[in-house]
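As a plain string of letters, each chain reads:
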Amino acid sequence: EALTEALISRYRVDLDREASRLAGVAPGEPALPSWLRPRRHLYPDLNLAIFLRAAARPDLALREAERLWRKAPSEELAEISAVTAEGAGRLDDEVPRLEEAYRLYPRSRDLRRWLARALFFRADGEMAANDIARARADLEAAPTISSAHIAESLSYRTRSPHER
């Protein structure tokens with residue numbers, strides 16, 4: 001009971017005192033105290049990258065995603081970057097970010113699939129350049145994708161947007 005009281009008094013937040021600070025936090029920045037390790041909000045900061053992708057400027061969208069990644073890596077941001085890079089034919093360039101994201105979020109099935117796909121794309125380019133050793137290393141480093149994951153991915157792509 002004494003320990004509980006000590007913890008409560010140590011981590012208590014006086015909302016009367018903090019209300020003005022919380023109201024003045026810039027959009028996208030966490031409003032909670034840093035010792036709670038709050039996640040940074042992707043929106044509205046990510047809106048620019050999404051707009052640039054929709055405006056057929058994946059090069060600028062990827063540049064913006066890289067800027068956001070340096071500020072606050074996230075699983076969603078890595079996935080959006082991978083989708084954008086694939087559309088631009090540059091998925092192999094996303095391998096370092098996807099490797100880092102997969103290290104940060106090892107339970108993410110989506111990141112595992114994107115990383116494997118990016119490594120396969122990179123290995124394809126390496127094989128075309130006759131760099132078989134690097135291609136083999138990339139293929140061996142690719143996370144395992146089971147047939148169930150492939151089937152799930154294919155079924156997602158064949159469903160209409162309103163069914164997703």
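(A) How the structure looks around unusual backbone geometry. The backbone of Ala-56 sits at a positive phi, close to 60°, despite the residue not being glycine. For Ala-56, the position within the fold is in the loop between α3 (47–54) and α4 (58–71). Of note, the phi angle at Asn-130 is positive, near 65°, even though the residue is not glycine. Turning to its location among the elements, Asn-130 is positioned in the loop between α7 (109–128) and α8 (132–141).

(B) Representation of the packing of α4 against helix α5 (residues 75–87) in the model. Packing of α4 against α5 leaves a shortest axis separation of 10 Å and a crossing angle of 160°. Classed by the angle they form, the pair α4 and α5 counts as roughly antiparallel. For the pair α4 and α5, the sense of crossing is left-handed. Along the contact surface, α4 presents Pro-58, Ala-61, Leu-62, Ala-65, Leu-68 and Trp-69, while α5 presents Leu-77, Ala-78, Ser-81, Thr-84 and Ala-85.

(C) Spotlight on a nonpolar patch on the surface. On the surface, a cluster of nonpolar side chains totalling about 350 Å² of accessible area is made up of Phe-120, Met-127, Ile-132 and Leu-139. Taken together, the elements giving at least two residues each to the nonpolar patch come down to α7 and α8. Residue placement: Leu-139 occurs in helix α8. Exposure remark for Leu-139: the relative accessible area of 38% places this residue in the partly exposed category.

Criteria and thresholds
- Residues numbered from 1 in each chain as written.
- Predicted model: local features only at pLDDT ≥ 70, side-chain atom pairs only at ≥ 80, totals over all residues.
- Heavy atoms only, no water.
- Helix = DSSP H or I, 4+ residues; strand = E, 2+ residues; numbered from the N terminus.
- Axes fitted to C-alpha atoms, helices over the stretch in contact; angles between N-to-C directions.
- Parallel < 35°, antiparallel > 145°, perpendicular 65-115°, else oblique.
- Left-handed = near helix turned anticlockwise from the far one by under 90°.
- Contact = heavy atoms within 4.5 Å.
- Patch = residues over 30% accessible without salt bridge, like charges linked within 9 Å, V, L, I, M, F, W, Y side chains within 5 Å.
- Areas by Shrake-Rupley, 256 points an atom, 1.4 Å probe, with all protein chains shown as cover.
- Salt bridge = Lys/Arg side-chain N within 4 Å of Asp/Glu carboxyl O.
- Buried < 20%, exposed > 50% of the residue type's maximum accessible area, 1.4 Å probe, protein only.

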